[in-house]
Amino acid sequence: MRRGRLGIAAVSVALALLIAALVWVVVLERQERSRLDAQKSAQDTVTSSVVTLLSYTPSTVISDLGADSELLTGGFRGDFEQLIRDVVAPAAVSGKISTKADVVGVGAVSVSTDSAEFLLFVDVTATSPKNAQPQTSGSRLKVSMVHSGGRWLISGLEPRSEEHTSELQSHH
């Protein structure tokens, strides 16, 4: 009789451990799915937002500023607005410069459900009456984001040199 109770106890313990392990696997899988969903959402947002922020025409550079600012948060928002008002808009208007940005590559540096950092490779094509042909330049940008109010917002944008890009790649 005692042997039967020990057998039942052993099976019960094993069953409890198996259930605990299954619950743990399900929890980890859901966390990973949440992280991957956050990464996809943030990556889609960062790509479209950077294109919006870096593309303008002389006639829309100021009027776009309000909508562009809605994509930003924190101190970066004020810094960006000032840069557009004080530097970019006057140059775009006086030089009749238009730009079109195209994100040609994006990689996640780090992503959680409430913050993310991406490295973007962006081509910006500028046109103006001064240049017969459009001028295209490539940039590497490290973009920081936060998830706030149910959406992803850019909290920082830093140009990265080739040396910085190599550093980021060596950490992964």
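Everything numeric in this text was worked out from a predicted model, so none of it was measured.

1. What to know about the overall build of the chain
Consideration 1: Per the secondary structure count, the chain includes 4 helices and 4 strands.
Consideration 2: When the helices and strands of the chain are placed in sequence order, the string is α-α-α-β-β-β-β-α.
Consideration 3: Compactness check: the chain gives a C-alpha radius of gyration of 25 Å against a globular reference of 16 Å for 172 residues, more than 25% above the reference.
Consideration 4: Projected onto its principal axes, the C-alpha positions of the chain cover 95 × 35 × 20 Å.
Consideration 5: Taken across its 172 residues, the chain has 26% of its residues classed as buried.
Consideration 6: Excluding contacts between residues fewer than 6 apart, the proportion of contacts in the chain whose partners are at least 24 apart in sequence is 55%.

2. Overview of unusual backbone geometry
Consideration 1: Although it is not a glycine, K96 sits at a positive phi angle of roughly 50 degrees.
Consideration 2: Here K96 shows up in the loop between α3 (74-95) and β1 (98-111).
Consideration 3: Of the residues examined, K96 reaches a relative accessible area of 54% and is grouped as exposed.

3. Regarding the packing of aromatic side chains
Consideration 1: Scanning all chains against the criterion turns up 1 aromatic pair.
Consideration 2: Ring geometry for F76 versus F80: centroids 6.1 Å apart, planes at 45 degrees, classification tilted. Taken together, the residues F76 and F80, both in helix α3 and 4 residues apart, mark about one turn of the helix.
Consideration 3: The exposure class assigned to F80 is buried, which follows from its relative accessible area of 8%.

4. Remarks on the environment of V103
Consideration 1: Locating V103 in the fold gives a position in strand β1.
Consideration 2: Residue classification places V103 among the buried positions, given a relative accessible area of 15%.
Consideration 3: Between the alpha carbons of V103 and T47 there is a distance of 6.4 Å; along the sequence they are 56 residues apart.
Consideration 4: In this structure V103 touches T47, V50, V51, L120, F121 and V122, once residues within four positions along its chain are discounted.

Quick notes on the rules
Residues numbered from 1 in each chain as written. Predicted model: local features only at pLDDT ≥ 70, side-chain atom pairs only at ≥ 80, totals over all residues. Heavy atoms only, no water. Helix = DSSP H or I, 4+ residues; strand = E, 2+ residues; numbered from the N terminus. Rg over C-alpha atoms; globule rule 2.2 N^0.38 Å. Buried < 20%, exposed > 50% of the residue type's maximum accessible area, 1.4 Å probe, protein only. Contact = heavy atoms within 4.5 Å. Phe/Tyr/Trp six-rings, centres within 6.5 Å; stacked < 30°, edge-to-face > 60°.

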